[in-house]
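Reading the structure
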Amino acid sequence: MKEANYRPTVAAVKLDAIKRNVQNLKAYLKENTEVIAVVKADGYGHGDVETARAALEAGAAMVAVATPDEALRLREGGISADILVMGPSPEEFAARALQENIIVTVSDAEWVANTAEELQVIPGKLKIHVKVDSGMGRIGLRSEDQLHSLLDAVDRHGRIEIDGVFTHFACADEPDPSRTEEQFRTFMKFVDLLPIRPRLVHASNSAATLLYPDFALDAVRFGISLYGVAPSPYTNTKLPFQLERAMTIETELAYVKLLPKGSQISYGGTYETSEDEWIGTIPIGYADGLRRGLGGHEVLIQGKRMPIVGTICMDQCMVKLSHELPIGERVTLIGRQGEEEIKFEEWAAALGTIPYEIMVSISKRVPRIH
Ligand SMILES: Cc1ncc(COP(=O)(O)O)c(C=O)c1O
């Protein structure tokens with residue numbers, strides 16, 4: 001049964017934009033470099049199964065998520081392609097991963113040794129990607145000794161196949177290339193130590209994919225830019241191909257009134273009309289991801305920017321209208337109307353954060369319309 005949606009607030013996701021981003025990326029990459037579509041955190045808020053399917057249809061070779069549960073959600077949603085869990089997986093997940101053909105990230109010999117007994121009774125081999133910490137300082141092995149112990153453990157285990165090896169860049173979206181170059185050199189030293197080069201050696205996130213084509217190796221893990229958003233303002237000035245934004249957030253005027261000069265608006269009365277003002281109320285608030293810090297920020301109505309006035313409430317907020325407008329008038333919070341466009345980056349700058357955080361904080365209450 002279709003869920004009811006009696007509120008006009010929606011996040012529309014253009015799956016064609018995601019497909020075109022993958023196609024343009026593939027045209028830009030060397031022929032033998034695969035695309036791993038990163039769809040963790042519910043596809044950066046765009047819907048994990050839907051975006052995974054779109055990316056795979058457009059030519060991505062596999063998908064990646066952060067957690068075992070995210071991988072299982074994709075399998076339940078009918079995604080049959082290879083899935084890599086990039087974050088840590090507990091040892092108890094090993095058997096399920098093998099049964100579901102999910103690839104896990106492993107960075108220590110102990111994990112391998114501790115899963116040996118359980119995996120003996122299940123047919124097939126568990127595929128792993130070995131994680132090297134080349135400078136991110138998050139997960140991954142950092143020494144040659146650790147790598148050798150892990151390789152020995154894999155040999156003893158007998159039911160594990162090293163399908164890939166990867167690392168993650170910490171500063172690829174910044175102008176100074178030195179740390180990224182150093183991380184790449186460190187990573188390649190580890191790759192050279194492997195007795196057999198695995199099927200997939202990969203390092204690049206979106207920023208590195210866009211700025212360092214020579215680091216693409218066998219695959220790139222394309223996350224934020226799959227959804228048409230540049231990883232940083234610097235990256236945005238260096239794009240080798242155009243990115244197409246996939247998400248727009250829209251609602252409608254739910255209530256409109258003319259308030260006399262001197263009227264206070266919303267909690268705390270922080271805004272007071274300085275003349276007779278047309279004020280519209282829109283049904284979106286901080287429980288939807290429109291953070292309170294965006295008070296004073298703008299929305300688009302009839303192709304014009306109009307400011308949010310007063311404190312943003314949990315479910316609603318008020319907009320100062322340029323003139324009387326009808327209930328039901330379309331209001332764009334993220335997206336384009338005519339010549340004007342409001343991007344996630346604009347919200348991120350206003351809130352002193354990054355577009356990633358904004359994208360994943362559009363809450364579940366906002367229906368995704370694909
Ligand atoms: C290990 C790993 N690879 C790839 C990505 C994708 O990064 P981006 O969204 O910057 O492309 C992430 C996301 O943070 C990640 O954690």
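Residues numbered from 1 in each chain as written. Predicted model: local features only at pLDDT ≥ 70, side-chain atom pairs only at ≥ 80, totals over all residues. Heavy atoms only, no water.

1. Observations regarding the pairing of strand E18 (residues 330–337)
- Burial within E18 is extensive, with six of its eight residues counted as buried.
- Pairing of strand E10 (residues 247–252) with E18, which is carried by four bridges, proceeds in the antiparallel orientation. Along E18, the bridge assignment pairs Glu-250 with Thr-332.
- With two bridges joining them, strand E15 (residues 298–301) and E18 adopt antiparallel strand pairing. When the bridges of E18 are listed, Leu-300 appears paired with Thr-332.
- Here E18 runs beside strand E19 (residues 340–342); their pairing, made up of three bridges, is antiparallel. Within the sheet, the bridge partner assigned to Gln-337 lies in E19 and is Glu-340. (Buried < 20%, exposed > 50% of the residue type's maximum accessible area, 1.4 Å probe, protein only. Helix = DSSP H or I, 4+ residues; strand = E, 2+ residues; numbered from the N terminus. Pairing = 2+ DSSP bridges.)

2. Brief notes about the pairing of strand E5 (residues 102–106)
- With respect to burial, E5 is a largely interior element, five of its five residues being buried.
- Two elements, strand E4 (residues 83–88) and E5, share four bridges in a ladder whose sense is parallel. Within E5, the residue paired with Ile-83 across the bridge is Ile-102.
- In terms of strand pairing, E5 meets strand E6 (residues 126–131) through three bridges, oriented parallel. Residue pairing in the sheet places Thr-105 in a bridge with His-129 of E6.

3. Considerations on the site of the ligand
- Taken together, Lys-40, Tyr-44, Met-86, Arg-138, His-168, Asn-205, Ser-206, Arg-221, Gly-223, Ile-224 and Tyr-356 form the complete shell of residues around the ligand.
- At 2.5 Å, a side-chain N or O of Ser-206 approaches an oxygen atom of the ligand.
- Within the contact set of the ligand, an oxygen atom lies 2.6 Å away from a side-chain nitrogen or oxygen of Tyr-356.
- When the free accessible area of the ligand is taken as 390 Å², the share hidden by the protein chains comes to 92%.
- Structurally, the ligand is housed in the largest pocket.
- Residues that form the shell around the ligand fall into these classes: four nonpolar, four polar and three charged. (Near = heavy atom within 4 Å. Polar contact = N/O pair within 3.5 Å; in protein donor to acceptor, adjacent residues only side chain to side chain. Areas by Shrake-Rupley, 256 points an atom, 1.4 Å probe, with all protein chains shown as cover. 1 Å grid on protein atoms, 1.4 Å probe; cavity = no way out; pocket = protein on both sides within 12 Å on 5 of 7 lines; lining within 4 Å. Sits in = over half its atoms within 2 Å of the grid points. Nonpolar A, V, L, I, M, F, W, Y, C, P; charged D, E, K, R; others polar.)

4. Concerning the domain arrangement of the protein chain
- You can read the domains of the protein chain as domain 1 (15–227) and domain 2 (247–369).
- Measuring from the centre of the C-alpha atoms in domain 1 to the corresponding centre in domain 2 gives 38 Å.
- Opposite the seven residues of domain 1 that make contact, domain 2 presents seven residues.
- Summed over both sides, the interface between domain 1 and domain 2 buries roughly 700 Å², with carbon and sulfur atoms accounting for 68% of that surface.
- The interface formed by domain 1 and domain 2 holds one salt bridge in total.
- Here Asp-42 and Lys-364 are joined by a salt bridge, their closest N and O atoms 3.2 Å apart.
- Scanning the region where domain 1 abuts domain 2 turns up two residue pairs in polar contact (both at pLDDT 80 or more).
- A per-class count over the side of domain 1 that touches domain 2 returns four nonpolar, two polar and one charged. (Domains from an automatic or database assignment. Contact = heavy atoms within 4.5 Å. Buried area = accessible area lost by both parts, 1.4 Å probe. Salt bridge = Lys/Arg side-chain N within 4 Å of Asp/Glu carboxyl O.)

5. Observations regarding empty space enclosed by the protein
- Per the counting criterion, the structure on display carries one cavity of 30 Å³ or more.
- Of the voids in this model, the largest cavity is the one considered here, and its volume is about 40 Å³.
- For the largest cavity, the full set of lining residues is Lys-131, Val-132, Asp-133, Ser-134, Gly-135, Met-136, Arg-138, Ile-139, Thr-167, His-168 and Gln-183.
- Residue classes in the lining of the largest cavity are distributed as three nonpolar, five polar and three charged. (Points joined across faces, edges and corners; volume = space filled by probe spheres on them.)

6. Here we look at the layout of surface pockets
- Quantified by volume, the largest pocket comes out at close to 570 Å³.
- Lining the largest pocket are 27 residues, and of these Lys-40, Tyr-44, Arg-138, His-168 and Asn-205 lie nearest its centre.
- Elements that contribute at least two residues to the lining of the largest pocket include exactly helix H2 (40–44), E4 and helix H9 (206–211).
- Among the elements that make up the lining of the largest pocket, the one with the highest residue count is E4 (three residues).

7. Looking at the pattern of salt bridges
- Tallied over the full model, the rule gives 23 salt bridges.
- Glu-298 serves as the salt-bridge partner of Arg-305, at 2.9 Å between the closest nitrogen and oxygen.
- The network of salt bridges with shared partners includes Arg-7, Asp-288, Asp-315 and Arg-365.

8. With respect to the side chain of Gln-183
- By the element assignment, Gln-183 lies in helix H8 (residues 178–193).
- Residue classification places Gln-183 among the buried positions, given a relative accessible area of 2%.
- When near neighbours in sequence (up to four residues on either side) are disregarded, Gln-183 contacts Ser-134, Gly-135, Met-136, His-168, Phe-169, Ala-170 and Cys-171.

9. Brief notes about H8
- Taking 1.5 Å as the rise per residue, H8 with 16 residues should run 22 Å; its terminal C-alpha atoms sit 23 Å apart, in good agreement.
- By the burial criterion, the buried members of H8 are Thr-180, Gln-183, Phe-184, Phe-187, Met-188, Phe-190 and Val-191. Taken down its axis, H8 places every buried residue within 155° of arc, on the same side. Seen from the buried face of H8, the exposed residues on the opposite side, beyond 90 degrees, are Arg-185, Lys-189 and Asp-192. (Expected span 1.5 Å × (residues − 1). Arc of directions from axis to C-beta.)

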